[in-house]
Structures are given as C-alpha cells and as structure tokens.
Amino acid sequence: MEKFALDAEVAKGERALARSIGRDRLGALVPLAWHLRQRDTRRALALADEAESLIDALDVCARERAGAGARLSLVRGEAKWLFAELDVAEALADEALEAFTTLADEIGCADAHWLRAFIAFDRGNIGRGDTELEAAAAHASRACDVPRFDLAQAVSAMWESRRNPRAADTRWASVIEAQLARGNLAVSALANDFLCDLQFATSDYGRAIALLLKIREAALATGQVRLAVTATINISCASDDLNDHDAGLEWSQRALDMARGTGWPIAVGMCLMQMGHVLWALGRLDAAQAALRESLSTLAPFEGSRTYAVALYYLGDLLVDRREYQAALDAFNQLERRSAELNHGDLRVEAARSRARALLNLGRSSEALSAASSALALARESSNAAKEIEALQVLADIHAAYELTPPAGMATASASLHYLQQALEVARTIEGYTVPVALLDGLARGHAEAGNHSEAYRVSILAATAREKMHSEEATNRAIAMEVRHKNERAQAEAEQHRLIAVAEATRAQALQETNAALEGLGAIGQEITSCLDAAAVFKTLERHVKGLLDATSLSVYLAETDGLALTREFGVEAGQSLPANRIELSHPTANSARSARERREISVELAPGADNPNRVAGTLEVMSALFAPLCVGDRLLGVMTVQSPRAHAYGEREQLIFRTLCAYGAIALDNASAYARLEGTLRELRVTQTELVGKNAELEGAYRTVQEVSLTDPLTGLRNRRFLNQHIEIDVGLCLRRYERRLDQPSSPMPVEADLVFLLVDLDHFKAINDRHGHTAGDKILVQMRQRLEEALRDTDYLVRWGGEEFLVVARDTDRTDAHNIAERIRVAVSARPFDLGDGVQHTQTCSIGFACFPFLPEHPRLTSWSQTIELADQSLYLAKHSGRNAWVGLFGTVHTRREALLQFVTKDPVEAARLGELRIATSSAVLNRATDARRNKPQAKRSTPVARVTGRVPICYNKTPGG
Ligand code: GH3
Ligand code: MG
Ligand code: MG
C-alpha cells in the first residue's frame, strides 16, 4: 500500500469500491480509507467503520483480519492526530505498531512510526519525533520501499533545518537533491519543503514562494492536505516578508478556507495565526489581535508545538505595538518556555530579546538587562549574526534608558554606544547586510551626546545612506513581490489549466475504462444473443441488454420484408409497453429507419426540446436522442434496430459503440434464427415424408408377405406347395444331419432321439372315380377338407404340402423314426374314419394310401441319401401301399445289410425282394403286403454278389408323380 497515492489512483479505488461486494469490497475499502485519511478524513473514518463491520461479517482469516485491523487503526490514529486528540492518536498508532510488528509487516511498522513522529512533533517533543522518523526510515529500508524511506528522511531534514539551517544544508542537501531526481511527487513535496526552509533562512522569499507553490500542488495531488495547508500559509508569510501584505492576506484567507474544510484544529490555528500577523502588518490591530487570540485557543491542544510558540511571539509583538507591555511580557514568557522545550534556536533568541524589550518598557531594567544578555548569548551560540545585532541593540536601548553598571572593558563614551559599536562591527561581518537605520541613528545620537560631533555627523551620513538603501530595498522587495505575484498568477492559471486537462484526461480515461469493461461484457452478451434459436428469444435478450447498457426508453427492431421494399416492426417496447406493429416503406422520405436501411449506415439523432419531429408515431413518448443502425450480415440487410431516449445527449461515443456491437450480434442471431426456422421447416417436411414412407413400406411389406404367402401356398387347399418345401427343407435337413454327424464323431454314443425327418406321401384312393361320379367340384371339396384331416393327425410344426393333384406330402419334423408308422396310421384313420361332405347333403367315405421313408435313410451314413431321394423312397412305399390294396400305409427302412451302392438302383426298384434279402425293412399296415414279404422270405436266398440282375419289373400301376407337371 502506497504512503501517498495520486488522485487518479484514488478515483480508481472509488470505482473499484462502487462495483464490489463482500470480500472484494473489503479489499477495496481498506486502501480507500487509507488514501482518504487526509483528503476527506470523515469519509475515511466512515469507510473504516464499514470495513470493520465487514471483517466481522465475513469469514476472514486471522492474518488478514490483523493486517486490515492495524491499517484501519492507523487511519483512525491519523484522523485523531489531525483532530488534535493526540493521546488517542498515539494509542492507536501504538496498537497498529504492535500488530504490524507481530505480522512482521515492515511497511505497516514504518507508517506507524511516521504517525508517532508527527504526534511527537505536535507535542513539541522533537527528540522523540526524530527517533520515530529514524525508525520509520529503517523499516522502509528493510521493506525496500524507497518512497517511504525518502519521505522519512525529507521530514528529518526539514526539522533539522529549523534547528540549524547551515548544519542541515551540509548534511541533507545532496540527499534531497537525489530524492528530487527520483521524481516521486509525494516525496518531492517534502524535499522542496526542506529547500524552502533554507530560502527562508536566507530571506530569499521570491524563491521560497516559487518552491511553496510547487509544494502546494504536489501535496494536493498526493493527498498530503496538511502539508498543502502549511505551504499555503507559508506563501502568505513569504508575501508578507516581501511587504506584499495584500497577497499575504489573500493567501492566508485561502489557507484558512482550506483548513476550515478539513476541520483540523491545528491547521485552522496556523491559518488564523498567519492571518493575524498579516492583519497586524496592514495596521488592522484589533482584527489581528482577535485572529491571534482565536488561533491560540484553537491551538491549545498543541501548546507544545512550534506553531503555538510562533503565535505567542506574534501576539506578544502585537501587544508591544499596542503598548500593552505586561500582556506582551506574559506572551513572551510563555514563548520562552515553549521555545526552550522545542529547543528552536531562532525562537529562543526572539523570546529572550522580546522579553527584554517588554521588561524595558515596563521599567524592569535589571530583568531586561539579563533577558537581553541571554538573547545575545543564544544568538552567538547559534551563530545568528542578525539576531546578535538585534540583541546588542536592545542592550544599547536598556543602557540608554537607565543608569546601569557599564559593561566590562568599555572603551566608548557610553554603554549604549559600546553595544551599538559592537553591533556595527558584527554587521560588517555579514556580507551584503544592510546595517539597520535604527542602529546607525542610535550611534549618531550616542556620539553627539558624547560631544563627538564629527563622528556623529559621519554616522548620520551613513544612516541617511542606509535609510535610502532601505527604501530602495523596500522598493526592490515590492518589485519582487510584484514579480512573484505575476508569476504566481501565471503559475496558478497554468496549474488551473493543467488541472482542467488532468480532469478531462481522467474523465476520458475513465470513459475508456468503462467502455473496455462494457466491451468485455459485450463479448459474453454476444455469445448469449447468438445462441438464441428463434427471433423472439433474440428480441427478448436484446431488450434485456439494451436496458442494462443504454439509456433507452424505447427499443424497436424492424425486419425487411421479403421483397426488400418495406420494413415491418417485428419487436418494439417503450417504457415496458409493447409498441404496435408498424410498416415503413424503404423509400420513405423522412423516416430515419428507412434511411439507415437504404444507406446501410448508423444514424444518430439529437432533437431540440419541443422541436417538430415528423417521424414521431402518435401515442409514443417525445424523443430527444435516438440511434438507428442497419442489421446486416455481410451485405445482406435483415432490418434496422433503433433505441430512443427522452433525455438529451443520451448517446455518446461509448453508447454508439455498444449499440453498434449489439446490432452486429443481433443481426447474426436473427439470421441464425431464420436459418434455424427454415431448417426446422425442412426437417418437419422430411419427417412427414419419412412417416409416409414407413407406412408405404409397411404396406409393401404386407403385400410382399402376401405375395410370398400366396406363392408358397396352394390356392385350393391353403396348404403349403412344393416351392415352400424347397425353400425350407434344406434348413431342417441341415439340422438333422448335424445331429447325426455329431454322433459319428463319438460312435459309442446312442443314436439321437426325435432327430429324424419322416417324409409321408398321402394319395387319395380312386379319386378319379369321385370326379367322374360327382363332378370335379365335389372332388375339390374333398381336397379342401383334406387339409383339416391332415391337421388333425399332425403337429403344427409339421409341413403339410399339397404335392400334386390328390397327393399330399407330409414332413414330420423332429420325430423319431420309431414313431413314423403311428403318424401314418393317424393320417389313414383321420381320412377314412368319417365321410367327406360333397355338398347337397352328399356324404362320401374316402380312403387314402400312405408311403413313407425317414431321413437319414441309413443313420450310420446320414449323407448317403438326399431328402429328395428319401421322397422317392416314400413314393416307392406309396406304390407298395396302393399295390397292397389301398387304405394302408407302407414304410421303407434301411438295415445293417443295406448296401449303399445298391440302394437306389436295386433296393428301390424291388423293395419286396430287397426286404427278402434283408437289405430293407418294410413296415406296413397291409396284411396283404405282410404276407407277400413273408412268402418271399421263404424262397431260397439270392447271392448277394449279384443283386441288380434280380430286380423284377415294377408293378404296372399308373402313378401320377407330378400332378399338373
Ligand atoms: P388310385 O387309387 O390308383 O390313386 O386311383 P385314382 O383314380 O385316384 O388315380 P389316378 O391317377 O388314375 O387319377 C387321379 C385323378 O385325380 C385324376 C384327376 O381327375 C383327379 N384329380 C387330380 N387333380 C384334381 C383336382 O385338382 N381336382 C379334382 N376334382 N380332381 C383331380
Ligand atoms: Mg389316387
Ligand atoms: Mg394319385
């Protein structure tokens, strides 16, 4: 934290405070309270109170709490010092110092010591003040804080220069020069104060004033208000010393105004003192005395201070002038005590000499003599020749007035002459010193009284010359004063100009900063606006942000019509109310919105109060400021946006920038929204088309399934057809083969169960005769009813196929071959057990013959026969069933003797013979066939080596294998 911040930084702190809350606010409050401690002490205290309550309310860590607390103690301590409550001030400074020491906060310690130093100075405890300043410098040095170090040293230098200007100059001149070279404004104020003291010591008031003006400016700019007040007082003093009492009065008035603004008693007291002194010089004794008395009572809490001592001196001098010698002596007595405590050499000499003069006038000669002697001794002690001369003059006056013991070693005619002679000798040692006329007059008088007329004459000539010189010096001083005044006025004018420029710059900088902050915010706003997906959301978002950023009572967004010939208000609000629809031709001669759209540029409108506004829509508020901007994306015009305010000059550069940015975002967002709306439309259409397509697809699929179904179904009976079988049977065959082949890998394992496919061919017996007798339709009716008979006998999972004409193929799946004959018998019974209905009440008993074979035909060789060959074997069986007398079933099975190579050529050609040879087993419901096979079995067996030659011809039965084909 800086010791003294520039005004601009304080303004920044004020802005930071204005926009912060919570922990951030605490972070802003503490430094601001610190930097306002002299600028506006009361506000600094209020901020300190707020900071304190925030520390209590927030969960602040102990270290932070201690640091902030100590800093606030310093703020309060300095305020107490300024308000002259020195004990409380000191207690607070001590408290802060302790806390900063615990925290090892060097800067804090330096500041606490600094405050303790100033309290000590005001108490008149110079030694203590010096020690505290040294401590402050040491802490600043450890913290590597150059400005704080320089400040402490500059103050040390200044106090030393008051005690002993020459010694101070020797010790500090180069230090101060280096400080000034570093260019820190706060430091330069104090460094120049040191230089200024030296100018006062050498009576170079012109140069002193020039320095004081600088000090005053620098002190004001860095918040060292108390220093600014003293500099102003000192300008008054220097003007006074230049005999420009009017300027002196003017500056003292200025200082007093400033001091009264602060409310600090010591500042007010100093100003009153200076004012009293100037008034006295102007001969207004009553007013002067009143001012000095008021000054002393205001300064009562600081009676140990140099200021109080000086006020006493002025008052005493004034009282001597008024011949109120006793009162004057009282003042000088006090002055003597105070100056002894202060140990200010110059004041001590003045006190002694003034007391001597008062005592002289009161007729207390011996006391007067001793006071004058001590004045002389003190002047000699501090090598102050001018004061020495003054002391000698008083001694001369005392001796002239009373008959007293002459001084030791007196060589002159009188004691008075003795002292005046000494004074003249001292005067000769001062280079460029004008011997006071009073001294020369006194000498001339002394010589004359002693009868030394020629010497008296010579000295009176010198006195006349000195008088002339004095007058010319006065004239010179007046000239200097005039020049200073002139310079001063010019400097003030310049300073005022600089101040105005600085204010303008600060305002500009602040505006720029605010604009930057606004622009940063605009980035986020842009993202928000452009993420809106529909125009209504864009309008709402724009409205919200326009409200937040601009003084806009009304906001309207016009969109260009598709043909681009007119604008329509799509959104409008005024003072929270929706504005009605409005349509403006793009060619409209006066409408600003139309012009902004046509010319694709921003328009800023400022109307004079009461001016006629041709564009004002009836029922809307009177507008003083308005902005219009086109909403463009690339060179495409989307519309126009406008904000309007009933306030004059509502839209400056910053507002235009914000509006322009909002328009740019708005245009993009509206374009996005319309693209999104189009996309949504297209998507909607697509979705409808898609639903329709899905429907059509379902229809097609249904149709396809129907076609499929139809193509796989026999139209008359609704049973499956050959195509169906061809499509499905391979899968069943594959599954069956896998089951058998799995077993082949482990020959010891048992045969799979319910793993066979039984192919059964069912043929209606003597069906031709039905047709012939009852007609084809009756035949059809039997065929149709056959479906139900078959379904009764079979499982749902079995395939029922109309194989051709009056012939059906049944495939019993996942069946065990041992069960095949049962299936056949169930079919046979299902057909023959009850009559078929031929219509017209005609009933007909119908039988059927069934031949079957199982797949795989030889389980040991599952791939030996194909499924179609198995059907051939079933066909062979059917042939045997017919041949055996019909209404019967026959099944052919392989045996362990079935020769694979002979299977189809021989076994199937004469199954009965093959059965006889043991190469085939015939299962049948037919007693006839059973007998026939038995008969064959009794015949002598053929040699197995020549089986083919023994095949008998097939029994000639007309056997329609492929009906319709
Ligand atoms: P078998 O006992 O030897 O089988 O004598 P069958 O008369 O049934 O045999 P055949 O092969 O001599 O005659 C079959 C008859 O079936 C001939 C044909 O008129 C008849 N038929 C074939 N398809 C249909 C059909 O779709 N509807 C009708 N009503 N009759 C058919
Ligand atoms: Mg038949
Ligand atoms: Mg047939």
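Our subject is the structure listed above.
Residues numbered from 1 in each chain as written. Chains lettered and ligands numbered in written order. Predicted model: local features only at pLDDT ≥ 70, side-chain atom pairs only at ≥ 80, totals over all residues. Heavy atoms only, no water.

Q: Tell me about the environment of Thr777, and please be specific about residues and values.
A: Considering the arrangement of structural elements, one finds Thr777 in helix α29 (residues 776–793). The exposed category is assigned to Thr777, whose relative accessible area is 57%. Residues Thr777 and Gly839, 62 residues apart in the sequence, show an inter-C-alpha distance of 9.3 Å. (Helix = DSSP H or I, 4+ residues; strand = E, 2+ residues; numbered from the N terminus. Buried < 20%, exposed > 50% of the residue type's maximum accessible area, 1.4 Å probe, protein only.)

Q: Describe the coordination of the magnesium ion (ligand 3), listing the residues and the values that go with them.
A: At the metal site, the magnesium ion (ligand 3) is ligated by Asp763 (OD), Glu806 (OE) and Glu806 (OE), and these contacts range over 2.3 to 2.8 Å. Separating the magnesium ion (ligand 3) from the magnesium ion (ligand 2) is a gap of 3.3 Å, bridged by Asp763, which donates to each. Residue Asp763 is located in strand β8 (residues 756–764), and its partner Glu806 is located in the loop between β9 (799–804) and β10 (807–815); the two are separated by 43 residues in the primary sequence. The two residues Asp763 and Glu806 agree in class, both being buried. (Donors = N, O, S within 2.8 Å, 3.2 Å for Na, K, Ca; no water.)

Q: Help me get a handle on the coordination of the magnesium ion (ligand 2), residues and values and all.
A: Around the magnesium ion (ligand 2), the donor atoms from the protein are Asp763 (OD), Leu764 (O) and Glu806 (OE), and they sit 2.1 to 2.2 Å away. Going along the chain, you hit the donors of the magnesium ion (ligand 2) in the pattern D-L-x41-E.

Q: Could you give me a rundown of helix α9 (residues 165–182), with the residues and numbers involved?
A: A rise of 1.5 Å per residue sets the reference length of α9, with its 18 residues, at 26 Å; its end C-alpha atoms lie 24 Å apart and thus fit the reference within 8%. Its axis deflected by about 55 degrees at Trp172, α9 carries its strongest bend there. Listing the buried residues of α9 in full gives Ala168, Trp172, Ile176 and Gln179. Those residues of α9 hidden inside the fold are in contact with α8 (146–163) and α10 (185–201). (Expected span 1.5 Å × (residues − 1). Bend = angle between axes of the 7 residues up to and from the residue. Contact = heavy atoms within 4.5 Å.)

Q: Could you give an account of the site of ligand 1, naming the residues involved and the relevant values?
A: The environment of ligand 1 is made up of 16 residues, and the closest members are His766, Phe767, Asn771, Asp780 and Arg886. The separation between a nitrogen atom of ligand 1 and a polar side-chain atom of Asp780 is 3.0 Å. For ligand 1, the protein covers 76% of the area, taking 640 Å² as the surface of the free molecule. Counting only elements with at least two residues in the shell around ligand 1, the list comes to β8, α28 (767–774) and α29. In terms of residue class, the shell around ligand 1 is made up of three nonpolar, five polar and eight charged. (Near = heavy atom within 4 Å. Polar contact = N/O pair within 3.5 Å; in protein donor to acceptor, adjacent residues only side chain to side chain. Areas by Shrake-Rupley, 256 points an atom, 1.4 Å probe, with all protein chains shown as cover. Nonpolar A, V, L, I, M, F, W, Y, C, P; charged D, E, K, R; others polar.)

Q: Please provide a residue-by-residue account of the pairing of strand β7 (residues 636–645), values included.
A: With respect to burial, β7 is a largely interior element, nine of its 10 residues being buried. By the bridge criterion, six bridges tie strand β1 (residues 554–560) to β7 in an arrangement that is antiparallel. The partner of Val557 across the bridge, within β7, is Met641. Hairpin connection of strand β6 (residues 625–633) to β7: two residues between the antiparallel strands, including Gly634 at a positive phi of 65 degrees. (Pairing = 2+ DSSP bridges.)

Q: Account for the pattern of salt bridges, naming residues and giving values.
A: As enumerated under the stated definition, the model contains 64 salt bridges in all. The residue Arg142 makes a salt bridge to Glu106 at a minimum N-O spacing of 3.3 Å. Within this pair, whereas Arg142 is found in helix α7 (residues 126–142), its partner Glu106 is found in helix α6 (residues 106–123), the two being separated by 36 residues in sequence. (Salt bridge = Lys/Arg side-chain N within 4 Å of Asp/Glu carboxyl O.)

Q: Tell me what's going on with the sheet that holds β10, and back it up with residues and numbers.
A: Taken together, six strands build an open sheet; the order of strands is β9-β10-β8-β13-β14-β15 and the sheet is mixed. Single-partner strands in this sheet number two, and they are β9 and β15 (920–924). Pairwise comparison of adjacent strand axes, ignoring direction, gives a mean angle of 20 degrees for this sheet. Bridge count between β8 and β10: seven bridges; the pairing is antiparallel. Residue Asp756 lies in a different strand from β10, and its bridge partner there is Thr815. Sheet strands touched by helix α30 (residues 820–832): β8, β10, β13 (848–855) and β14 (889–894). Its angle to β13, the strand with the most contacts, is close to 160 degrees. (Axes fitted to C-alpha atoms, helices over the stretch in contact; angles between N-to-C directions.)

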